[in-house]
Amino acid sequence: MRNLIFFFLLLPSFVASQYTLTIKAEGIQSSDGYIAVGVYNTDATFLKDGKTFAGVFEPSKERTTTITISDLEEGTYAVSIFHDKNGNKELDKNFMGIPKEPVAFSKAKMKTFGPPGFEECSFRLTSDYEIKIPFN
C-alpha cells in the first residue's frame, strides 16, 4: 500500500504538461476553402510533405480564422499555414514550385527565393500560447 501511495505522489512529476496553441490566421480575403495548419517540432521535418507534428484543416472565415491545437507538450515549434482556396486540401503550386495560394509562417515571412527556415519561425511553448499569423 505504501508503494502505491508513493507512486501517486510522484505521478504528476512524470506526466508531461499539455498546452494549447491558438493560431489566429489574419488577412484572409474570402471564406472559400480551408485554412491549413502545419505544426513542426524539428528543423529536419519543417515544411516536408507528410512530416507535420500536428496539423488541421479549418474552414476558412473571411478576415480572421481561429485554429486551436491541443495537447502539445512543452517544446520548440514552428507553424506554417496556407489558404486552401479551392478546398482540395493541397497547396497548389505553379510549374516552378511557387505557391499559387497564400502562405504564411509563425514569426517570419516568405523570402524572395523560398520559405523561411525552422529557426526563423520557431517559438518556445511553455504554457498555453496564442499567435497571430498574418497573410501579407
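What counts as what
- Residues numbered from 1 in each chain as written.
- Predicted model: local features only at pLDDT ≥ 70, side-chain atom pairs only at ≥ 80, totals over all residues.
- Heavy atoms only, no water.
- Helix = DSSP H or I, 4+ residues; strand = E, 2+ residues; numbered from the N terminus.
- Contact = heavy atoms within 4.5 Å.
- Polar contact = N/O pair within 3.5 Å; in protein donor to acceptor, adjacent residues only side chain to side chain.
- Pairing = 2+ DSSP bridges.
- Axes fitted to C-alpha atoms, helices over the stretch in contact; angles between N-to-C directions.

Undergrad: Kindly report on the environment of Y77, identifying the contributing residues and their values.
TA: Mapped onto the elements, Y77 comes out in strand β5 (residues 75–84). The sequence separation of Y77 and D43 amounts to 34 residues, and the corresponding C-alpha distance is 9.4 Å. The contacts of Y77, once residues within four sequence positions are left out, are V39, Y40, N41, F53, L72, F118, C121, S122, F123 and L125. Within the structure, Y77 has its side chain in polar contact with the backbone oxygen of E73 (distance 2.7 Å).

Undergrad: Outline unusual backbone geometry, listing residues and values.
TA: Here R63, not a glycine, exhibits a phi torsion of approximately 80°, which is positive. Positive phi outside glycine occurs at K107, with the angle close to 65°. Along the chain, the position of K107 falls in the loop between β6 (103–105) and α2 (118–121).

Undergrad: Any chance you could break down the sheet that holds strand β8 (residues 129–134) for me, citing the residues and the numbers?
TA: Strand order in this open sheet of 3 strands is β4-β1-β8, and the pairing throughout is mixed. Each end of this open sheet is capped by a strand with a single partner; those strands are β4 (63–73) and β8. Adjacent strand axes in the sheet meet at a mean angle of 20°, parallel and antiparallel pairs treated alike. Relative to β8, strand β1 (residues 18–28) runs parallel, the two being bridged by 6 bridges. Its bridge partner being in β8, I23 is matched across the sheet by I131.

Keep in mind these numbers describe shape, not what the thing actually does.
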